[in-house]
Amino acid sequence: LCCVIPSVRYKALTFALTFLLYTSFHLSRKPISIVKSELHKNCSSVSELATAAASSSQQPSRASLHTDMDCSWKPFDKSNYKQLLGAMDYSFLCAYAVGMYLSGIIGERLPIRLYLTVGMLTSGLFTCLFGLGYIYNIHSLGFYIFVQVANGLVQTTGWPSVVTCIGNWFGKGRRGLIMGLWNSHTSVGNILGSLIAGYWVSSNWGLSFIVPGLIIAVMGIVCFLFLIEREYSLLMTGGGGRVRGKSGYDTELLLPRDNGTVCVPVQQVVVVKSESEPSAISFMGALRIPGVIEFSLCLLFAKLVSYTFLFWLPLYITKAAHLDAKKAGDLSTLFDVGGIVGGILAGVISDKLGKRATTCAVMLLLAAPTIRYSNYKFCSYSPFFVVYLCGGLVNGPYALITTAVSADLGTHKSLKGNARALSTVTAIIDGTGSVGAAVGPLLAGLLSAGGWDQVFYMLMTADFLALLLLLRLVTKELTSRKPRPISTVE
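Position numbers for residues count from 1 along each chain, tracking the sequence in the order it is written. Given that this is a predicted model, residues contribute local features only at a pLDDT of at least 70 and side-chain atom pairs are listed and counted only at 80 or more, while totals for whole chains, interfaces and linings are drawn from all residues. Hydrogens and waters are ignored; side-chain quantities use all the structure's heavy atoms.

The following threshold applies: UniProt positions are given in the numbering used here, feature names are shortened, and annotations may be inferred rather than shown by experiment.
As annotated in an unreviewed UniProt entry, the chain carries the name Solute carrier family 37 member 1 and comes from Myripristis murdjan. For the record of the chain, the UniProt heading Catalytic activity (unreviewed entry) holds the text "D-glucose 6-phosphate(in) + phosphate(out) = D-glucose 6-phosphate(out) + phosphate(in)". On record in UniProt, under Sequence similarities (unreviewed entry), the comment for the chain is "Belongs to the major facilitator superfamily. Organophosphate:Pi antiporter (OPA) (TC 2.A.1.4) family."

Written as structure tokens, this is what we have:
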């Protein structure tokens, strides 16, 4: 009992800490979508107001010229601003996708605590640098793209690290529910990022980046001080009443000594030594795990849809519903709230049925018409329930694949207990998904020039492709002789 209680306590600590750590990652990614509408304002309407005001003072031309020059932030004041903003998104997400494949491999070979700490500190640095562009009046597109690329690379340290930590501490019992609750950090981070960025977006958008950058840097220090990677690390440091014996194994005092009068023999508890741990799995070895390729490609299209909403929804709302940047950011949080509920429901249902692929497929099937309908509802100024539902159906499969499915595949029986493969498997799945996350916002920037309807058709197409890629696994699940719920006992 004295060993079980500390284990439960440390599990709770790991759950809460990794939740907060990755919340700060998404909190630092969200400001760019809020600030977009400030980087390029509706200059014509601003110009009309300024011209009307200037006409009363007999200086129309000067006021109009001043407004045209200052209403937007250079170099995003040009007519091709959507392509420029899309290029910034693509720079971050493309670097993130490329870096993710390397990050999982590197993460298996380095202490997770140190690796994650360095990643969070550098992420904070580059997030702050973007905001300093406003403070120091920087108008170079190359500067902003460089910051986005660098930030995309260092942010890849986050996901494989936190998933590996949570996977090391929690077994397969109710993994869908636990991961669904835990994965809400994505939406919580987006919501907090929207609120923080929206607070300063109209007055000083530089602070919309600097404050989140400082938050993730501080959380990096918290990670270094408090994160315990796995129960094995706890054992080696003497947690839970265990001490290191001379023989190299851990020994445990079953009862405390009472003034030297009552002594209890020390019983040796054998744990796996670091020298005998399995070697890290190769990239091709991870691809051979059943289901990795199908779920990776499915996530490519599912994440394409999710990240297009993440990066373009606030700007779309300002154009379709004619709201200011702060109100658009507040409204977009409904999508993230729906994502929290969708991720939890996906985890609970998949635990109950024991069918991860089927759960994802049903939600993807329902998401397609909801995506299309949400376009009409935005244009008719009543998007609240629809965008909430859309967020749940879009983010539910995405959340389930990146958490519970990745953990299941990373601890597949074919690995014969090689838990170090979890980081590589997670990186492959999320890295492939990040390719879609990079392509989606870029396509949105290009297609939106011909009308927002084209963007929504692209999202529906991607959703159907994600569904098709799961059909083989769905068929296998439905035709299995003994459909088995995920056991609550590992």
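1. A short note on the overall build of the chain
For the record, the criterion: Here a strand is any run of E in DSSP of at least two residues, a helix any run of H or I of at least four, and the numbering for each starts at the N terminus. Accessibility here uses a 1.4 Å probe with only protein chains present; expressed as a share of the type maximum, an area under 20% marks a residue as buried, one over 50% as exposed, and anything in between as partly exposed. Contact definition: two residues touch when any of their heavy atoms are within 4.5 Å. Throughout, the Shrake-Rupley method with a 1.4 Å probe supplies accessible areas, and for residues the shown protein chains are the sole cover considered.
Helix and strand counts for the chain come out as 20 helices and three strands. Taking all 490 residues of the chain together, the buried fraction comes to 55%. In the chain, the share of contacts with a sequence separation of at least 24, taken over all contacts with a separation of at least 6, comes to 82%. By element, 67% of the accessible surface of the chain is carried by carbon and sulfur atoms, the whole surface being about 21100 Å².

2. A short note on the environment of glycine 131
If you trace the backbone, glycine 131 turns up in helix α6 (residues 112–135). Placed 74 residues apart in sequence, glycine 131 and tryptophan 205 show a C-alpha to C-alpha distance of 7.1 Å. Beyond its immediate stretch of four places on either side in the chain, glycine 131 contacts Gly206, Phe209 and Ile210.

3. Things to note about the pattern of salt bridges
Stated precisely, the cut-off is as follows: Salt bridges, as used here, are contacts in which a Lys or Arg side-chain nitrogen is within 4 Å of a carboxyl oxygen on Asp or Glu.
In total, this model carries five salt bridges according to the counting rule given. Between lysine 36 and aspartate 89 there is a salt bridge, with the nearest N and O atoms lying 2.4 Å from each other. Taken together, the residues lysine 36 in helix α2 (residues 31–39) and aspartate 89 in helix α5 (residues 81–109) connect sequence positions 53 residues apart. For the pair lysine 36 and aspartate 89, a shared accessibility class is recorded, and that class is buried.

4. Thoughts on helix α11 (residues 207–226)
The criterion, for reference: Expected helix span is computed as 1.5 Å times (number of residues minus one).
Helix length check: α11 (20 residues) gives 28 Å between terminal C-alpha atoms against 28 Å at 1.5 Å per residue, within 8%. Every buried residue of α11 is listed here: Ser208, Phe209, Ile210, Pro212, Gly213, Ile216, Ala217, Met219, Gly220 and Cys223.

5. Quick notes on the side chain of serine 406
Note the following rule: The term polar contact refers here to a pair of N or O atoms within 3.5 Å; inside protein, the definition further demands a hydrogen-donor-capable atom paired with an acceptor-capable atom, and it admits residues adjacent in sequence only when both atoms are side-chain atoms.
Position of serine 406 relative to the elements: it lies in helix α17 (residues 384–410). Reaching out from serine 406, the side chain makes a polar contact with the backbone oxygen of threonine 402 at a distance of 3.4 Å. The contacts of serine 406, once residues within four sequence positions are left out, are Ile401, Leu422, Val425, Thr426 and Ile429.

6. Let's talk about the packing of aromatic side chains
Put simply, the test is: The criterion for an aromatic pair is that two Phe, Tyr or Trp rings (for Trp, the six-membered ring) have centres within 6.5 Å, with stacked assigned to planes under 30 degrees apart, edge-to-face to planes over 60 apart and tilted to the rest.
For the structure on display, the rule yields 16 aromatic pairs. Their ring planes at 55° and their centres at 6.1 Å tell us that phenylalanine 76 and tyrosine 144 sit as a pair that is tilted. Of the two residues, phenylalanine 76 sits in the loop between α4 (60–70) and α5 while tyrosine 144 sits in helix α7 (residues 141–154), which places them 68 residues apart along the sequence. In this structure phenylalanine 76 comes out as buried when scored by relative accessible area, which is 1%. Judged by its relative accessible area of 1%, tyrosine 144 is buried.

7. Describing a nonpolar patch on the surface
Applicable threshold: Patch definition: residues with relative accessible area over 30% and no salt bridge; like charges joined within 9 Å; nonpolar side chains (Val, Leu, Ile, Met, Phe, Trp, Tyr) joined within 5 Å.
The grouping of Val337, Val341, Leu345, Ile349, Leu353, Phe385, Tyr388 and Leu389 at the surface amounts to a nonpolar patch, some 660 Å² of accessible area in total. Elements with a minimum of two residues in the nonpolar patch: α15 (325–353) and α17. Looking at which element gives the most residues to the nonpolar patch, the answer is α15, with five residues. Within the secondary structure layout, phenylalanine 385 lies in helix α17.

8. Some words on the confidence of the model for the chain
Rules: For every residue, the predictor states its confidence as a pLDDT score lying anywhere from 0 to 100.
Overall, the prediction assigns the chain a mean pLDDT of 77, with 72% of residues at 70 or greater. Mean pLDDT across the elements of the chain ranges from a minimum in strand β2 (residues 250–252), with 36, to a maximum in α11, with 96. Note on residues 260–276: pLDDT is under 50 here. Beyond four places in sequence and across chains, it has 26 contacts. Contacts of residues 378–382 to residues separated by more than four positions or lying in other chains number 14 contacts, the stretch itself having pLDDT below 50.

9. Some remarks on helix α19 (residues 452–469)
End to end, α19 covers 27 Å across 18 residues, agreeing with the expected 26 Å (1.5 Å per residue, within 8%). Within α19 the residues assigned to the buried category are Trp452, Val455, Phe456, Met458, Leu459, Met460, Ala462, Asp463, Ala466 and Leu467.

10. Focus on empty space enclosed by the protein
Here is the rule we go by: Cavity means a closed set of points on a 1 Å grid over the protein atoms alone, one where a 1.4 Å probe fits but cannot get out, pocket means an open set with protein on both sides within 12 Å along at least 5 of 7 lines, and lining means a residue has an atom within 4 Å of a point. Grid points are joined across faces, edges and corners, and a volume is the space filled by probe spheres set on the points. Here the term charged refers only to Asp, Glu, Lys and Arg, the term nonpolar to Ala, Val, Leu, Ile, Met, Phe, Trp, Tyr, Cys and Pro, and the term polar to all other amino acids, Gly among them.
What the rule picks out here adds up to five cavities of 30 Å³ or more. Size it by volume and the largest cavity reaches roughly 120 Å³. Thr186, Ser187, Ser306, Asn395 and Tyr398 are, among the 17 residues lining the largest cavity, the residues nearest its centre. For the lining of the largest cavity, the secondary structure elements donating two or more residues are α10 (185–200), α14 (292–320), α15 and α17. A per-element tally of the lining of the largest cavity places α15 first, with five residues. Looking at the lining of the largest cavity, its residues break down into six nonpolar, ten polar and one charged.

11. As for the nonpolar core
Keep this limit in mind: Nonpolar cores were defined as sets of buried Ala, Val, Leu, Ile, Met, Phe, Trp, Tyr and Cys residues, with membership established by side-chain atoms within 4.5 Å.
Phe309 and Ile371 are the most contacted members of the largest nonpolar core, which has 102 residues in total. Per element, the largest residue contribution to this core is 15 residues, and it comes from α14. If we ignore the near neighbours within four places in the chain, the residues touching phenylalanine 309 are Pro314, Phe335, Ile371, Cys390, Val394, Phe456 and Leu459.

12. Description of unusual backbone geometry
The step from lysine 74 to proline 75 runs through a cis peptide bond, and the omega angle for that step is 5°. Relative to the assigned elements, proline 75 resides in the loop between α4 and α5. Although it is not a glycine, asparagine 137 adopts a positive phi angle of roughly 60°. Tracing the backbone shows asparagine 137 in the loop between α6 and α7. Here asparagine 137 falls in the partly exposed class, since its relative accessible area comes to 48%.

13. What about the side chain of serine 208?
With respect to the secondary-structure elements, serine 208 resides in helix α11. Those residues in contact with serine 208 that lie beyond four places of it in its chain are Pro31, Val35, Ala197, Trp200 and Val201.

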